Amino acid sequence: MSELTDNVSREEIEQFDQQSAFWWDLEGPFKTLHQINPVRLEYLQKYTDLKQKTALDVGCGGGIFSEALATAGADVTGLDMSEQALQTARLHLHESNVSVRYEHSTVEAFAQQQQTFDVVCCLEMLEHVPDPESVIKACLEMTKPGGWLFLSTINRNPKSMMLAIVAAEHILRIVPAGTHRYKNFIKPSELVGAVQRADAVVEDISGMSYNPFSGKAAIQPEDVSVNYLLAARKPDS
C-alpha cells in the first residue's frame with residue numbers, strides 16, 4: 001500500500017462516499033452530527049480560545065466541524081480520505097462563506113509535511129480506522145508544544161453495542177446501518193494509554209449524551225459508557 005492509503009478501511013471510505021451528497025442535509029444520515037456539533041465545539045472552547053489559532057480537523061468528512069472551527073475564528077485545515085466528502089465540503093464553502101483548506105490525505109502522510117497546529121481534532125473517526133493508535137501518534141506529531149489534542153469515539157461494552165448499533169442503526173435508524181462495528185469501539189483506558197504513549201497529558205475525559213427524540217446532546221463528565229471525548233495537552237518541551 002502507498003503511504004496515502006495506509007491505515008485506511010476501503011469499506012469505510014466507500015460507505016461514506018455513498019453518503020457524500022447528504023453531509024449538509026439537516027434531516028439526512030448526518031443529522032446526529034449536526035445536532036451534537038455545538039456541544040463538541042463548546043467542549044473544545046472550555047480549554048482553548050480558537051480565535052486566531054491554527055486547527056487541524058482529522059477525518060473532517062463533509063466539513064461540519066471544520067466550518068464550526070472556522071466560524072469560531074480558527075485557521076482551519078481539514079483532512080479526509082473520502083474525495084467525494086471533500087468535494088461536498090469544498091462546495092459548501094460557497095454557501096457558508098467561511099474559509100477552510102481541505103486536503104485528501106491520511107493524517108500519517110500529512111504529518112510528514114512537518115506542519116504543526118495549535119489545536120488538532122479527531123472526532124468520531126478513530127473507530128473507523130484499522131490502527132487508531134497510529135492516528136493518535138500522527139495527530140500529536142502535528143500538535144504544537146503546549147497545544148491541544150481533542151478526540152472523541154465510542155466505548156466498547158454491551159451498553160454501547162445496544163445503543164450505538166442496535167438502537168441507532170436498526171431500530172431508530174438515525175444513522176445508516178453498517179456505520180459502526182463493535183470490535184472497532186475503543187475503551188477509555190485504551191484511548192488514554194495511546195495518548196500517554198505518544199507523550200501527551202490527558203487533561204479530561206467526559207461522556208456525551210444524546211437524546212434522539214429531542215435531538216439534544218450534553219456533556220456528561222461522569223458517564224463515559226457510550227460516546228465520550230478526551231482533551232489532551234502536549235507538553236511545552
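A brief look at the structure comes next. (Residues numbered from 1 in each chain as written. Predicted model: local features only at pLDDT ≥ 70, side-chain atom pairs only at ≥ 80, totals over all residues. Heavy atoms only, no water.)

Another aspect to go through is the overall build of the chain. Tallying secondary structure elements over the chain gives 8 helices and 8 strands in all. On C-alpha atoms alone, the chain measures out to a radius of gyration of 16 Å, which is about the 18 Å that the 2.2 N^0.38 rule sets for 237 residues. Sequence separation of 24 or more characterises 70% of the internal contacts of the chain that already satisfy a separation of 6 or more. (Helix = DSSP H or I, 4+ residues; strand = E, 2+ residues; numbered from the N terminus. Rg over C-alpha atoms; globule rule 2.2 N^0.38 Å. Contact = heavy atoms within 4.5 Å.)

What follows deals with the packing of aromatic side chains. If you walk through the whole model with that rule in mind, you get 7 aromatic pairs. Judged by centre distance (5.4 Å) and plane angle (65°), the ring pair of Tyr-43 and Tyr-47 falls under edge-to-face. Classification of Tyr-47 as partly exposed rests on a relative accessible area of 22%. With centroids separated by 5.2 Å and ring planes inclined at 45°, the aromatic side chains of Tyr-47 and Trp-148 adopt a geometry described as tilted. Of this pair, Tyr-47 sits in the loop between helix H2 (31–45) and strand E1 (54–58) while Trp-148 sits in strand E5 (residues 143–154), and the two are 101 residues apart along the sequence. Clustering of aromatic rings is evident, with ring pairs tying together Tyr-43, Tyr-47, Trp-148 and Phe-150. (Phe/Tyr/Trp six-rings, centres within 6.5 Å; stacked < 30°, edge-to-face > 60°. Buried < 20%, exposed > 50% of the residue type's maximum accessible area, 1.4 Å probe, protein only.)

Running from N to C, H2 and helix H3 (residues 64–71) point in directions that differ by 45°, and their axes come no closer than 10 Å. With respect to H3, the element H2 is oriented oblique. Read as a crossing pair, H2 and H3 show a hand that is right-handed. Facing H2, whose interface residues are Leu-33, His-34, Asn-37, Arg-40, Leu-41 and Leu-44, H3 presents Ile-64, Phe-65, Ala-68 and Leu-69. (Axes fitted to C-alpha atoms, helices over the stretch in contact; angles between N-to-C directions. Parallel < 35°, antiparallel > 145°, perpendicular 65-115°, else oblique. Left-handed = near helix turned anticlockwise from the far one by under 90°.)

Further remarks concern a nonpolar patch on the surface. Taken together, the side chains of Met-161, Met-162 and Leu-163 present a nonpolar region at the surface, about 260 Å² in accessible area. Within the fold, Met-161 resides in helix H7 (residues 158–171). (Patch = residues over 30% accessible without salt bridge, like charges linked within 9 Å, V, L, I, M, F, W, Y side chains within 5 Å. Areas by Shrake-Rupley, 256 points an atom, 1.4 Å probe, with all protein chains shown as cover. Salt bridge = Lys/Arg side-chain N within 4 Å of Asp/Glu carboxyl O.)

With that settled, the discussion passes to the side chain of His-34. Inspection of the secondary structure assignment puts His-34 in helix H2. From its side chain, His-34 meets the backbone oxygen of Trp-23 in a polar contact 2.7 Å long. With near-sequence residues (within four places) excluded, His-34 lies in contact with Trp-23, Trp-24, Asp-25, Leu-26 and Ile-64. (Polar contact = N/O pair within 3.5 Å; in protein donor to acceptor, adjacent residues only side chain to side chain.)

Below, the discussion takes up the side chain of Thr-77. Take Thr-77: it is sitting in strand E2 (residues 75–80). On the basis of relative accessibility, which here comes to 2%, the residue Thr-77 falls in the buried class. Setting aside residues no more than four positions away along its own chain, Thr-77 makes contact with Ala-55, Leu-56, Asp-57, Arg-101, Glu-103, Phe-110 and Phe-117.

For E5, a buried count of 10 out of 12 residues is recorded, marking the element as mostly surrounded by other parts of the structure. After leaving strand E4 (residues 117–123), the chain enters helix H6 (residues 132–141) and then returns to the sheet as E5, a path that is right-handed. For E5 and strand E8 (residues 227–233), the ladder comprises 7 bridges, and the chain directions are antiparallel. The residue of E8 that forms the bridge with Ile-154 is Asn-227. (Right-handed = clockwise from strand over helix to strand, strands pointing away. Pairing = 2+ DSSP bridges.)

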